[in-house]
Amino acid sequence: MGAGFDPATKQRAIDTVMQCQSPKGGFGGGPKQEPGLLPTYAAISVLAIVGRPGPGGGWDQIDR
């Protein structure tokens, strides 16, 4: 669609998604929420769009 995000917006999205990662594994729908399949899929999809390798980029912070 030709839409893009500026670097600050991408970083805010990455930071928000990473706050939703559960220590038990997976991602919740919000910070400190129980993880589930659908929010985990959504979080990985967001990181596929705006994430990047390296510190603070989201990909290397996923607890696999």
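See above for the structure.
Attention in this report is confined to the structure presented alongside it. (Residues numbered from 1 in each chain as written. Predicted model: local features only at pLDDT ≥ 70, side-chain atom pairs only at ≥ 80, totals over all residues. Heavy atoms only, no water.)

## Re the pattern of salt bridges
Pairs can form between side chains of opposite charge once their charged atoms are near each other.
No. 1: Taken as a whole, this structure holds 1 salt bridge when the rule is applied.
No. 2: Here K24 and E34 are joined by a salt bridge, their closest N and O atoms 2.8 Å apart. You can see K24 sitting in the loop between α1 (7–19) and β1 (27–28) and its partner E34 sitting in the loop between β1 and β2 (35–36), a full 10 residues away along the chain. With respect to class, K24 is no different from E34; both count as exposed. (Salt bridge = Lys/Arg side-chain N within 4 Å of Asp/Glu carboxyl O. Helix = DSSP H or I, 4+ residues; strand = E, 2+ residues; numbered from the N terminus. Buried < 20%, exposed > 50% of the residue type's maximum accessible area, 1.4 Å probe, protein only.)

## With respect to unusual backbone geometry
No. 1: Phi angles above zero are rare outside glycine, and K32 is one such case at about 65 degrees.
No. 2: Residue position: K32 is located in the loop between β1 and β2.
No. 3: When its relative accessible area of 86% is taken as the criterion, K32 is described as exposed.

## Topic: the packing of α1 against helix α2 (residues 37–50)
No. 1: Two numbers describe how α1 lies on α2: the axes approach to 10 Å, and their chain directions differ by 155 degrees. Here α2 runs roughly antiparallel to α1, going by the angle between their axes. The two elements α1 and α2 cross, and the hand of that crossing is left-handed. Touching K10, A13, I14, V17 and M18 of α1 are A43, V46, L47 and V50, all from α2.
No. 2: The residue inventory of the contact of α1 with α2, partitioned by class, reads 8 nonpolar, no polar and 1 charged. (Axes fitted to C-alpha atoms, helices over the stretch in contact; angles between N-to-C directions. Parallel < 35°, antiparallel > 145°, perpendicular 65-115°, else oblique. Left-handed = near helix turned anticlockwise from the far one by under 90°. Contact = heavy atoms within 4.5 Å. Nonpolar A, V, L, I, M, F, W, Y, C, P; charged D, E, K, R; others polar.)

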